[in-house]
Amino acid sequence: MPVKLETKYLYPFIKDEEYDQILPQVKTAHKILHLKKGPGSDYLGWLNLPSNYDKEEIEKINQTAQKIQDSSDIFIVIGIGGSYLGAKAAIEFLKSHNYNFLRKDTPKIFFIGNNISATAISELLEICTEKEVAINVISKSGETTETSIAFKIFREFLENKYGKEKAKERIFVTTDKESGLLRKMSDEKGYTSFNIPRDIGGRYSVLTPVGLLPIAVSGANIEEILNGALVANENFQKNNIENNICNKYAAIRNILYRKGKQIELLVGYEPHLYGITEWFKQLFAESEGKDSKGIFPASSIFSTDLHSIGQFIQDGSKIIFETVLQIKNNSPDITIKQSKNDEDKLNFLAGKTVSYINKKAFEGTVLAHTDGGVPNIILNLENISEYTLGYMIYFFEKACAVSGYMLGINPFNQPGVEAYKKNMFALLGKHGYEKEKEELEKRLKNSGR
């Protein structure tokens, strides 16, 4: 298996009998997930996606990606939340967090429409000056404010640069198959479009055209990603925890949560894991954070963050547990050379590789943190590859669903996200929100009194 669960650092915190005690709940959660009898069952299209995806659409994605690679210096992905986090995570994992700065035959890839920053938009417009540009807007409804603003601005940029007819050859839309503002616009203007399955929510959509088109543009093999997810799907069918690491991870999280561990810190020791940790946070926060329940997902890249939040992890409130991503085979590597007269005091490292030193930093940290009362779950990744990525994505998606059902919540809705949107629409004067606008403005005026 390209992802292996290591639990040896949990023995001081979880007794063997605790796995037996929680097993019935794991089995129930697993069963209702597969029978599609739990809350949110209308959004389980991701569950068997690796075994029944549309092969013709995958071919269309590859052909479109090739067209974008041949015609563009810059490819802009416009979306927010699940509409961009998965693709960004995959590209950073497979290619590098420095992807845009490396010498390559594929376009630079930028992500916009994930904030409301005039500065960010203006800077990207400047970067696009005198470059060949294509864009991919991603939104199921087409009415997400952040995404819609960015799409409007970059659509007009392309139309001014190329003219409307040529611009439409550089605009690619990923949206609902039949309805919504973006679907209507795409059909009317003749944009190349891809479908977001109605039974898959945004944070579970990375293995759909939402994530696969940008990933393919980066030069990654999307069939191998889906193959890794397929094997994960097959491996996680058994309804137990002895030989189903997905269920066991969900069980561990819930055992620790009931012991007062309210924060899960996903840790990587490589900068190119940063995107994965950001995708992880949305997946688990939107899935579990409701009904006044849930483990708060946080993230860190070590050893970098050991010099900022390491003190709190070691000696602060005992509300944290860590899940550490370790990469077994990572290349290229660098060997430390011996210095004359040991002028830099690093000759004790001579002959050792940077990866070896990084591993020892991990070993020293995990021992220190567990000694300090912080449980550590280790997920060992075989290598950096499309196959491993697909397997890991499916692992986290399914573990999140099982864990959510164990918490007794609906892992597939996000009612809290809608609250800020309604308030923002009202304060901006969107039609139909007149009454709410008046009430909110009064509240803002009287705040603090």
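Refer to the preceding data block for the structure.
Residues numbered from 1 in each chain as written. Predicted model: local features only at pLDDT ≥ 70, side-chain atom pairs only at ≥ 80, totals over all residues. Heavy atoms only, no water.

Caption draft 1: Broad picture of the sheet that holds strand β9 (residues 320–329). With mixed pairing, 5 strands are arranged side by side in an open sheet as β1-β10-β9-β7-β8. Here the strands that pair on one side only, and so sit at the sheet edges, are β1 (3–6) and β8 (296–301). Sheet twist, expressed as the mean angle between neighbouring strand axes with direction ignored, is 25°. Sheet topology note: the β1/strand β10 (residues 376–383) ladder contains 4 bridges and is antiparallel. Looking across to β10, one finds that E6 is bridged to I378. This element, helix α14 (residues 354–371), spans β9 and β10 of the sheet and lies at about 160° to β10. Sheet contacts for helix α15 (residues 386–407): β1, β7 (263–268), β9 and β10; angle to β10, the most-contacted strand, approximately 150°. (Pairing = 2+ DSSP bridges. Helix = DSSP H or I, 4+ residues; strand = E, 2+ residues; numbered from the N terminus. Axes fitted to C-alpha atoms, helices over the stretch in contact; angles between N-to-C directions. Contact = heavy atoms within 4.5 Å.)

Caption draft 2: Looking closely at the pairing of strand β4 (residues 133–138). Judged by how many residues are buried, β4 sits mostly within the fold: 6 of 6 residues are covered. Where burial is concerned, the two faces of β4 agree: the one with V133, I135 and V137 and the one with A134, N136 and I138 are both buried. For strand β2 (residues 74–78) and β4, the ladder comprises 5 bridges, and the chain directions are parallel. The residue bridging F75 from the neighbouring strand is A134, located in β4. (Buried < 20%, exposed > 50% of the residue type's maximum accessible area, 1.4 Å probe, protein only.)

Caption draft 3: Just the packing of aromatic side chains, in detail. Scanning the entire structure with this criterion turns up 19 aromatic pairs. Aromatic side chains W46 and F412 sit 6.3 Å apart centroid to centroid with 40° between the ring planes, which places their arrangement in the tilted category. You can see W46 sitting in the loop between α1 (16–35) and α2 (49–52) and its partner F412 sitting in the loop between α15 and α16 (415–427), a full 366 residues away along the chain. Comparing W46 with F412, the two get one shared label, buried. Taken together, the ring pairs in this structure connect F236, Y249, W279, F280, F284, Y391, F395 and F396 into an aromatic cluster. The aromatic ring of Y99 is capped on one face by K104, whose charged end is 4.7 Å from the ring centroid. (Phe/Tyr/Trp six-rings, centres within 6.5 Å; stacked < 30°, edge-to-face > 60°. Lys NZ or Arg CZ within 6 Å of the ring centre and 35° of its normal.)

Caption draft 4: Structural context of the pairing of β8. Counting buried residues in β8 gives 5 out of 6 residues, a clear majority hidden from the surface. Alignment of β7 against β8, held across 6 bridges, turns out to be parallel. Bridge assignment links L266 to a residue of β8, and that residue is S299. In the classification by handedness, the crossover that spans β7, the intervening helix α12 (residues 274–288) and the parallel β8 is right-handed. (Right-handed = clockwise from strand over helix to strand, strands pointing away.)

Caption draft 5: Inspection of the sheet that holds strand β6 (residues 192–196) at higher detail. One open sheet accounts for 5 strands, arranged β3-β2-β4-β5-β6; its pairing is parallel. Where the open sheet ends on each side, the last strands, each with one partner, are β3 (108–112) and β6. If you compare each strand with its neighbour and ignore which way they point, the axes differ by 20° on average. Where strand β5 (residues 171–176) lies against β6, 5 bridges are found, and the strand directions are parallel. Note that in β6 the partner of V173 across the bridge is S193. Each of β2, β4, β5 and β6 is contacted by helix α3 (residues 55–71), which is oriented at about 140° to β6, the strand it contacts most. Across the sheet, helix α8 (residues 181–189) lies against β4, β5 and β6, angled at about 140° from β5, the strand it touches most.

Caption draft 6: Broad picture of the nonpolar core. Grouped together as the largest cluster of nonpolar side chains are 94 residues, with contacts concentrated most on L33, W46, L389, M392 and F396. In contact with F396, not counting residues within four places along its chain, are Y249, L266, W279, F280, L283, F284, L325 and L379. Counting residues in each nonpolar core, the second largest holds 23 residues, with F157, Y162, I171 and M185 among its members. (Core = buried A, V, L, I, M, F, W, Y, C linked by side-chain atoms within 4.5 Å.)

Caption draft 7: Examining the state of the cysteines more closely. Taken as a whole and assessed by the stated rule, the structure comprises 0 disulfides. Of all cysteine sulfurs in the structure, the one in C246 sits closest to C400, which takes part in no disulfide; the separation is 9.8 Å. (Disulfide = S-S within 2.5 Å.)

Caption draft 8: Region of the structure containing the pattern of salt bridges. The tally for this structure, following the rule as stated, stands at 19 salt bridges. Across the salt bridge formed by E288 and R253, the nearest N and O atoms sit 2.9 Å from each other. Residue E288 is found in helix α12, and its partner R253 is found in helix α11 (residues 245–258); the two are separated by 35 residues along the sequence. R253 sits in the buried class, given a relative accessible area of 1%. For the salt bridge of K281 with E278, the shortest nitrogen-to-oxygen distance reads 2.8 Å. Of the two residues, K281 and E278 are both situated in helix α12; the distance of 3 residues between them amounts to about one turn of the helix. Under the relative-accessibility criterion, K281 is labelled partly exposed at 23%. Judged by relative accessible area, which is 21%, E278 ranks as partly exposed. A single network of salt bridges, built from pairs that share partners, joins D176, E178 and R198. (Salt bridge = Lys/Arg side-chain N within 4 Å of Asp/Glu carboxyl O.)

Caption draft 9: How the structure looks around unusual backbone geometry. Geometrically, the link from F302 to S303 is a cis peptide bond, its omega value of 5° lying close to zero. Mapped onto the elements of the fold, S303 is located in the loop between β8 and α13 (310–315). The phi torsion at K36 lies on the positive side, around 55°, for a residue other than glycine. As for its position among the elements, K36 is in the loop between α1 and α2.

The analysis is restricted to geometry; functional conclusions fall outside its scope.
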